[in-house]
Amino acid sequence: MTTYGLLVFEDAEELDFVGPWEVFTASAMLREQGDTAFLVAERAEPVRCAKGLRVVPDHTLDEHPKLDVLLVPGGRGARVTQPHNPSVTGWIARVAEQADWVTSVCTGSILLHAAGPARGRRVATHWASEDALEARGDVTVVRDARYVVDGDLVTSQGVSAGIDMALWLVGRIHGRDHARAVRRYIQYEPAPPYMADVPG
């Protein structure tokens, strides 16, 4: 049984956790082995995310099952407010010591750096925050990889890259064939109508 805990906070980027949530819960459904995923927040009341989506946490920092996988999303909250919140950074540090995997999406890596688990490690983050994260020191920012694996730490670039990271992770935990089945179930076959690169 695998237990996934996804941290949420004010101004978290929605797809940073909703994308992996879809992967983790689809994996749980296909495995039929009692895997669970839940949202964790500092308090029990609804959280308003970066684009206005409101979500209700399943558990608080003080009350939740043991996590096998911790996921930290990005967004303004991860860059600006939560790195200065000792309740959240302390919780991340404690959970990271016990979890099998610590993961982040987008600028969630900035929050992981503030909490400790990303220090001295190789990490990915959103392209617009690579310099800012690197300037914090004691971290190697990888700029050309959709996600980066450094031991038990897996970090991804921005927003949609979290889906790639989550698919890799369920493949690492439960096997490639299972990850392929999850990818097929969620029909994840990126084919953007406009390429992400900027000419010139």
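What you see is a predicted model; the values in this text were computed from it and never measured.

Rules used throughout
- Residues numbered from 1 in each chain as written.
- Predicted model: local features only at pLDDT ≥ 70, side-chain atom pairs only at ≥ 80, totals over all residues.
- Heavy atoms only, no water.
- Buried < 20%, exposed > 50% of the residue type's maximum accessible area, 1.4 Å probe, protein only.
- Helix = DSSP H or I, 4+ residues; strand = E, 2+ residues; numbered from the N terminus.
- Pairing = 2+ DSSP bridges.
- Right-handed = clockwise from strand over helix to strand, strands pointing away.
- Phe/Tyr/Trp six-rings, centres within 6.5 Å; stacked < 30°, edge-to-face > 60°.

Q: Which parts of the structure should I look at to understand the pairing of strand β2 (residues 36–41)?
A: On a regular strand, one side chain projects to one face of the sheet and the next to the other, so that they alternate. Across the 6 residues that make up β2, a large majority, 5, are buried. Both strand β1 (residues 3–7) and β2 contribute to a ladder of 5 bridges, which runs parallel. Looking across to β2, one finds that Leu 7 is bridged to Val 40. In this region the chain leaves β1, passes through helix α1 (residues 14–31) and returns to the parallel neighbour β2; the handedness of that crossover is right-handed. Alignment of β2 against strand β5 (residues 59–60), held across 2 bridges, turns out to be parallel. Paired with Val 40 across the bridge in β5 is His 59.

Q: Whenever I open this one, the packing of aromatic side chains confuses me. Can you help?
A: Within a pair of aromatic rings, the relevant descriptors are the distance that separates the centres and the angle that separates the planes. Enumeration over the complete set of coordinates arrives at 3 aromatic pairs. Their ring planes at 10° and their centres at 4.1 Å tell us that Tyr 4 and Phe 24 sit as a pair that is stacked. Residue Tyr 4 is located in strand β1, and its partner Phe 24 is located in helix α1; the two are separated by 20 residues in the primary sequence. As far as burial versus exposure is concerned, Tyr 4 and Phe 24 are alike and both buried. Put simply, the rings of Trp 101, Tyr 147 and Trp 168 pair up and form one aromatic cluster.

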